[in-house]
Amino acid sequence: MSVQDTSLAPAAIAVGSRQRNSAIIASVLGWSLDLFDLFILLYVAPVVGQLFFPSTHPTWSLAAVYASFAVTLLMRPIGSALFGHYADVHGRKGAMLVAITGVGLSTAAFGLLPTIHQVGAIAPVIFLLLRLVQGVFVGGVVASTHTIGTESVPANWRGFMSGLVGGGGAGIGALLASIVFLITSTLFPGEAFAETGWRVMFFSGLLSSFLGWFIFRNLEESPYWKEMQKQKAAKKAEGVVAQTPLKALFAGGYRNVLLVNLLITIGGGAGYYLTSGYMPTFLKLINQLPNQTSSYILMACSVSALISAVLVGALSDIIGRKKTFMLVGVAAIILLPTFYLGMAKATDLSTIVLYALGIAFMGNAGYAPVLIFLNERFPTAMRASGTGLSWNIGFAIGGMMPTFVSLASATPSDLPMSLSIFAVAVFALYLVGTLIIPETKGNFR
């Protein structure tokens, strides 16, 4: 007689240093290349807004661009369901390889699009459709990169690894985008950037596809997944049939786990997009800095993000995930409004830089332990699906916050106060989630 079993849970597994290092590099670079592609749009948002969503109202055009960014985020759960299922059933490596290549190719395709001045209203429609396609692949990257790294390192490294992949990957992705932005702005100064430079920015997505294929094609499969496959084969021989990952995820207690996770991922995701995600626009519209100066500041912010994510992720290995979430949430509610309003008033470049570094630090601290927290909420048999969906649904909702900030601001000068209010609200939600969730440190199975 066959029965359902979702408890397949490999014990602690020894991993060789070569395999561990390869998995770390693949996870970090996979996520960084993915966010590099997404950051390209944020860096050219004011230009793209005028070319595809023109408006006489200055913040409405910007809101439309951020809405197109949110469209990608809304498709990410679908990508996580598809690629996460594949990663849980067939392995992390294959899902990662296809997803990261797809993200790069779809990003490059934006550079070929005609503008609204060339083909009329069909231009924004094509733009949004391509964003939908890109979102599916982005969701797939999360499902694979956010599991294979933590499954390949020792238990006392997992919080550190969470910060390194989640925040470190974001920092590296933003840094790469900043470098490309600096180079492109230099090659296409002034009006030339609005005519040709923005297309070159998108074409750089081909670089991430090439690098992703080169890095991942020789990657070894997750040791936890391989051990689970052995256990699954043994149980199948005994007549025990395991549920499919998605069916198990939406059945019984795991459905409630997914819903509670969203309180953390919405807060962490919104915090990220309201800080690092909005930074390029803040520097341009509020501080009115030239592109090249902004590029240097954004590079420094990427380093701040990397340091923040690694430190806070490692902190969660010492004091636990729950206490770390609590400390970060309280600090963000106090500090972010101070940083936003201070940066808006600052006229000295060094002061602007200090505030920008502080904003980037706090925004990335918010989700540094989120990756490992989600990994510890699900067993290996459904880890990619559960982590991917929890992360992407939360970040999809959180990613809509910049759109609402832009819509809530009558003029660019209102943006700092709007950002402050929204930041307090999302981190309050984050703290509510922190009070509800259990401590998960050590619960990796």
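Residues numbered from 1 in each chain as written. Predicted model: local features only at pLDDT ≥ 70, side-chain atom pairs only at ≥ 80, totals over all residues. Heavy atoms only, no water.

S.K.: Looking at this structure, I do not really get the overall build of the protein chain. What am I missing?
M.R.: Within the protein chain, the secondary structure is distributed over 20 helices and 2 strands. Since a compact globule built from 445 residues should have a radius of gyration of about 22 Å, the 21 Å found for the protein chain is in line with a globular shape. For the protein chain, the spread of C-alpha atoms along the principal axes amounts to about 70 × 45 × 40 Å. The 445 residues of the protein chain split such that 59% are buried. Residue pairs at least 24 apart in sequence account for 87% of intrachain contacts in the protein chain once pairs closer than 6 positions are excluded. Here the protein chain displays about 16000 Å² of accessible surface, and carbon together with sulfur accounts for 71% of that area. Charge centroids of the protein chain, computed over 25 positive and 16 negative side chains, lie 6 Å from each other. (Helix = DSSP H or I, 4+ residues; strand = E, 2+ residues; numbered from the N terminus. Rg over C-alpha atoms; globule rule 2.2 N^0.38 Å. Buried < 20%, exposed > 50% of the residue type's maximum accessible area, 1.4 Å probe, protein only. Contact = heavy atoms within 4.5 Å. Areas by Shrake-Rupley, 256 points an atom, 1.4 Å probe, with all protein chains shown as cover. Lys, Arg positive; Asp, Glu negative; His and termini not counted. Charge placed at Lys NZ, Arg CZ, Asp CG, Glu CD.)

S.K.: What am I meant to see in empty space enclosed by the protein here?
M.R.: Using a probe with the size of a water molecule, rolled over the atoms, empty space left in the structure can be pinpointed. Following the criterion strictly, the structure yields 3 cavities of 30 Å³ or more and no others. Phe39, Ala174, Ser276, Cys301 and Ser302 are the residues nearest the centre of the largest cavity, which is lined by 14 residues in total. Among the secondary structure elements, those contributing two or more residues to the lining of the largest cavity are helix H1 (17-43), helix H7 (158-187), helix H14 (291-319) and helix H16 (349-365). Here the lining of the largest cavity takes 4 residues from H14, the largest share from any one element. (1 Å grid on protein atoms, 1.4 Å probe; cavity = no way out; pocket = protein on both sides within 12 Å on 5 of 7 lines; lining within 4 Å. Points joined across faces, edges and corners; volume = space filled by probe spheres on them.)

S.K.: What exactly am I supposed to notice about the packing of H1 against helix H9 (residues 205-216) here?
M.R.: Packed helices, taken two at a time, are described by the angle their axes make and the gap between the axes. Between H1 and H9, whose axes approach to 9 Å, the crossing angle comes to 165°. As the angle between them shows, H1 and H9 are arranged roughly antiparallel. Relative to H9, the crossing made by H1 is left-handed. Here Ala26, Leu29, Gly30, Leu33, Phe36 and Asp37 of H1 come into contact with H9, specifically with Gly205, Ser208, Leu211, Gly212, Ile215 and Phe216. Residue classes in the contact of H1 with H9 are distributed as 7 nonpolar, 4 polar and 1 charged. (Axes fitted to C-alpha atoms, helices over the stretch in contact; angles between N-to-C directions. Parallel < 35°, antiparallel > 145°, perpendicular 65-115°, else oblique. Left-handed = near helix turned anticlockwise from the far one by under 90°. Nonpolar A, V, L, I, M, F, W, Y, C, P; charged D, E, K, R; others polar.)

S.K.: Would you mind going over the pattern of salt bridges with me for this structure?
M.R.: When the charged atoms of two side chains with opposite charge come close together, those side chains can pair. Under the criterion given, the structure shown has 2 salt bridges. One salt bridge connects aspartate 317 with arginine 321, and the closest N-O pair in it is separated by 3.1 Å. Across the pair, arginine 321 and aspartate 317 agree in class, each one buried. Across the pair glutamate 376 and arginine 321 runs a salt bridge, and its minimum N-O distance is 2.7 Å. Here glutamate 376, found in the loop between helix H17 (370-375) and helix H18 (383-398), pairs with arginine 321, found in helix H15 (residues 321-345); they are 55 residues apart in sequence, far enough to count as distant. The pair formed by glutamate 376 and arginine 321 is uniform in burial state, with each residue classed as buried. (Salt bridge = Lys/Arg side-chain N within 4 Å of Asp/Glu carboxyl O.)

S.K.: Is there a simple way to explain the confidence of the model for the protein chain in this structure?
M.R.: When pLDDT is low, close inspection of the predicted coordinates is not appropriate. Averaged over every residue, the pLDDT of the protein chain is 83; residues scoring 70 or more account for 90%. Across residues 1-11, confidence stays below pLDDT 50; counting only partners more than four residues off in sequence or on other chains, it has 35 contacts. (pLDDT = per-residue confidence, 0-100.)

S.K.: I would appreciate a short explanation of the nonpolar core in the present structure.
M.R.: Most often, soluble globular proteins keep nonpolar side chains buried together rather than apart. Among the nonpolar cores identified, the biggest contains 107 residues, and Tyr43, Phe52 and Trp391 are the most heavily contacted of them. At 13 residues, H1 tops the list of elements feeding residues into this core. Sequence-distant contacts of phenylalanine 52, defined by excluding residues within four places in its chain, comprise Leu113, Pro114, Thr115, Ile116, Ala123, Pro124, Phe127 and Trp198. Leu249, Tyr254, Val257 and Leu389 belong to the second largest nonpolar core, which has 9 residues in total. (Core = buried A, V, L, I, M, F, W, Y, C linked by side-chain atoms within 4.5 Å.)

S.K.: What's the story with a nonpolar patch on the surface in this structure? I'm lost.
M.R.: There is a patch of nonpolar side chains on the surface, built from Val119, Ile122, Val125, Ile126 and Leu129 and spanning about 380 Å² of accessible area. The dominant element in the nonpolar patch, judged by the number of residues it contributes, is helix H6 (residues 122-148), at 4 residues. One can find isoleucine 126 in helix H6. (Patch = residues over 30% accessible without salt bridge, like charges linked within 9 Å, V, L, I, M, F, W, Y side chains within 5 Å.)

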